[in-house]
Amino acid sequence: STQSTWEKNKATRSMHGVSRAKRTDKQCEEEQKKIAHYRGLVEAMMAMRSANQLDKESLALNTKVLSIGAEFYTAWNFRRKILLNLFRQAQPHEIACLCEAEVLLGEAALARNSKVYCVWSHRLWCLQQPHNGIDLDRELQLCSQFLRADERNFHCWSYRRRVVELIGLSVESQLAFTKQKIDANFSNYSAWHYRSILLAQGVATRESLAKEFDLVQQAFFTDPNDQSAWLYHRWLLQKLRHAFGDGEYQTQLQADIVLIRELAQVEPNCKWVMLSLCELLRLQDASRHAAELECLLARCRELDPLRTEFYTDACHRRIELVPAPAYQQTAP
């Protein structure tokens, strides 16, 4: 009966939450035809690539291949070789037309799947070409659309940073943008990361950093189980120490210890609260807080038994518990 039950449920099994319905013979036949058609296109394109045929005919065939499967990185590499050859023979307005076609092709591919590495890479490559004629304001709007659909699409965040650089938008405007994204969702690690890059570009004041500590503390109390704000907090401490020295750093460290001790009373079952308090105590004076650290790490072992040995090792060696993101004085 177990076998018959398995057979009964086989047709409706799911993968990643998407139900898989049984296909009819006709559907299977149509799929095989599509596969055969696609393989024929790929074989013809690869023959052109082997022959180093870098003309409009090969570009048209390449377009057909990528319109079906945008994840084909070799096809994008071949496409760039074709385009570079065409650019050498073209006038500036013709180059702009070719780049506009690339933008539309990529946009259609991203509409189907917004997290394909090679599509974003190709789009960035187009921005780097002389006389590309790409409307940067439109690109910025497109990024906003994708980030509304998926606010943590790091491909889009990286591409957007390049567009912002080319437009020349101010650091202040981008800090406001990240603040908007963080206010919408404190768990948006991409926004926190971009914020750290922006703050590293300018000269921080004590007042501006105080506002950052207020923002990250709001995140602690709103969702203490989310690690994004805790990691950003570690970066902020590094930034403060680098900009204003050990005096300001120790003052902030003590204030944060008091605050997170209060949070630990409210959230005794939150691993990240306990870990972060451990890390701050370690940074302040591990020897002086040895007894409290041992108790906190014992609590971490209870809350997170899968990492028991890590906490035991941390208790003996006093290693870093909450990794600090790499500090940079300027953006990469």
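The structure displayed is predicted, hence computed values, not measured ones.

J.: I would appreciate a short explanation of the overall build of the chain in the present structure.
T.: Secondary structure assignment for the chain yields 15 helices and 2 strands. Relative to its full complement of 332 residues, the chain shows a buried share of 41%. In the chain, the proportion of contacts linking residues at least 24 apart, taken out of those at least 6 apart, comes to 64%. Summing over all exposed atoms, the chain offers an accessible surface of approximately 18400 Å²; the carbon and sulfur share of this is 52%.

J.: Explanation requested: the packing of helix α3 (residues 56–68) against helix α4 (residues 73–88) in the structure shown.
T.: What describes two packed helices is the angle between their axes and the distance between those same axes. Look at α3 against α4: their axes get within 10 Å of each other, and the N-to-C directions meet at 150 degrees. Classified by the angle their axes make, α3 and α4 are roughly antiparallel. In the packing of α3 onto α4, the handedness of the crossing is left-handed. For the pair α3 and α4, contact is made by Lys56, Ser58, Leu59, Asn62, Thr63 and Leu66 and by Ala75, Trp76, Phe78, Arg79, Ile82, Leu83 and Leu86, respectively.

J.: Would you mind showing me how to read the side chain of Asn132 here?
T.: Relative to the assigned elements, Asn132 resides in the loop between α6 (117–127) and α7 (136–149). In terms of polar contacts, Asn132 uses its side chain to reach the backbone amide nitrogen of Ile134, at 2.8 Å. Residues in contact with Asn132, not counting those within four places in the same chain, are Ala96, Cys99, Cys126 and Leu127.

J.: Would you explain the pattern of salt bridges in this entry?
T.: A side chain with one charge can pair with a side chain of the opposite charge if their charged atoms come near. In the structure shown here, the tally under the stated rule is 18 salt bridges. Across the pair Asp304 and Lys271 runs a salt bridge, and its minimum N-O distance is 3.6 Å. Note that Asp304 is positioned in the loop between α14 (290–303) and α15 (308–317) and Lys271 in helix α13 (residues 271–285), a separation of 33 residues in sequence. On the accessibility criterion, Asp304 (7% relative accessible area) is buried.

J.: I tried to follow the confidence of the model for the chain on my own but got confused; where do I start?
T.: Detailed reading of the predicted coordinates is not advisable wherever pLDDT falls low. Of the residues in the chain, 89% have a pLDDT of 70 or more, and the chain-wide mean is 89. For the chain, helix α1 (residues 2–10) is the element with the lowest average pLDDT, namely 48, and α4 is the one with the highest, namely 97.

J.: Honestly, the packing of aromatic side chains in this entry has me stumped. Any pointers?
T.: Each pair of aromatic rings is reported with the distance of its centres and the angle of its planes. Evaluated as defined, the whole model comprises 10 aromatic pairs. Plain terms: the ring middles of Phe310 and Tyr311 are 5.4 Å apart, the flat faces sit at 65 degrees to each other, and that makes the pair edge-to-face. Given the relative accessible area of 32%, Phe310 is considered partly exposed. Judged by relative accessible area, which is 0%, Tyr311 ranks as buried. Among the aromatic residues, ring-to-ring pairing joins Trp120, Phe146 and Tyr159 into one connected group. The ring centre of Phe177 lies 3.7 Å from the NZ or CZ of Arg160, which sits over that ring.

J.: Would you explain the environment of Arg152 in this entry?
T.: Tracing the sequence through the fold places Arg152 in the loop between α7 and α8 (154–167). Separated by 29 residues in sequence, Arg152 and Lys181 place their C-alpha atoms 9.8 Å apart. Looking at Arg152, its side chain comes within polar contact range of the side chain of Ser187, at 3.2 Å.

J.: Could you clarify how one ought to interpret the side chain of Glu102 in this entry?
T.: Within the element layout of this structure, Glu102 appears in helix α5 (residues 92–112). Excluding its chain neighbours within four sequence positions, the residues that come into contact with Glu102 are Arg79, Leu83, His122 and Cys126.

J.: For this particular structure, what's the right way to read the packing of α3 against α5?
T.: The N-to-C vectors of α3 and α5 enclose an angle of 15 degrees; their axes lie 11 Å apart at closest approach. Looking at the two axes, α3 sits roughly parallel to α5. As α3 runs across α5, the sense of the crossing is right-handed. Facing Leu59, Thr63, Leu66 and Ser67 of α3, the residues of α5 in contact are Leu98, Leu105 and Arg112. Split into classes, the residues belonging to the contact of α3 with α5 amount to 4 nonpolar, 2 polar and 1 charged.

J.: Just checking my understanding: could you explain α8 for this structure?
T.: Side chains of residues three or four places apart in an α-helix project in the same direction, reflecting 3.6 residues per turn. The end-to-end C-alpha distance of α8, which contains 14 residues, comes to 20 Å, matching closely the 20 Å that a straight helix rising 1.5 Å per residue would cover. Listed as buried for α8 are His155, Cys156, Trp157, Tyr159, Arg160, Val163 and Val164. Considering only its buried residues, α8 is in contact with α6, α7, α9 (171–184) and α10 (189–201). The backbone nitrogen of His155 lies 3.1 Å from a side-chain oxygen of the residue at the head of α8, namely Asn153. Downstream of α8 by one or two residues, Gly168 has phi in the positive range, about 90 degrees.

Conventions adopted
- Residues numbered from 1 in each chain as written.
- Predicted model: local features only at pLDDT ≥ 70, side-chain atom pairs only at ≥ 80, totals over all residues.
- Heavy atoms only, no water.
- Helix = DSSP H or I, 4+ residues; strand = E, 2+ residues; numbered from the N terminus.
- Buried < 20%, exposed > 50% of the residue type's maximum accessible area, 1.4 Å probe, protein only.
- Contact = heavy atoms within 4.5 Å.
- Areas by Shrake-Rupley, 256 points an atom, 1.4 Å probe, with all protein chains shown as cover.
- Axes fitted to C-alpha atoms, helices over the stretch in contact; angles between N-to-C directions.
- Parallel < 35°, antiparallel > 145°, perpendicular 65-115°, else oblique.
- Left-handed = near helix turned anticlockwise from the far one by under 90°.
- Polar contact = N/O pair within 3.5 Å; in protein donor to acceptor, adjacent residues only side chain to side chain.
- Salt bridge = Lys/Arg side-chain N within 4 Å of Asp/Glu carboxyl O.
- pLDDT = per-residue confidence, 0-100.
- Phe/Tyr/Trp six-rings, centres within 6.5 Å; stacked < 30°, edge-to-face > 60°.
- Lys NZ or Arg CZ within 6 Å of the ring centre and 35° of its normal.
- Nonpolar A, V, L, I, M, F, W, Y, C, P; charged D, E, K, R; others polar.
- Expected span 1.5 Å × (residues − 1).

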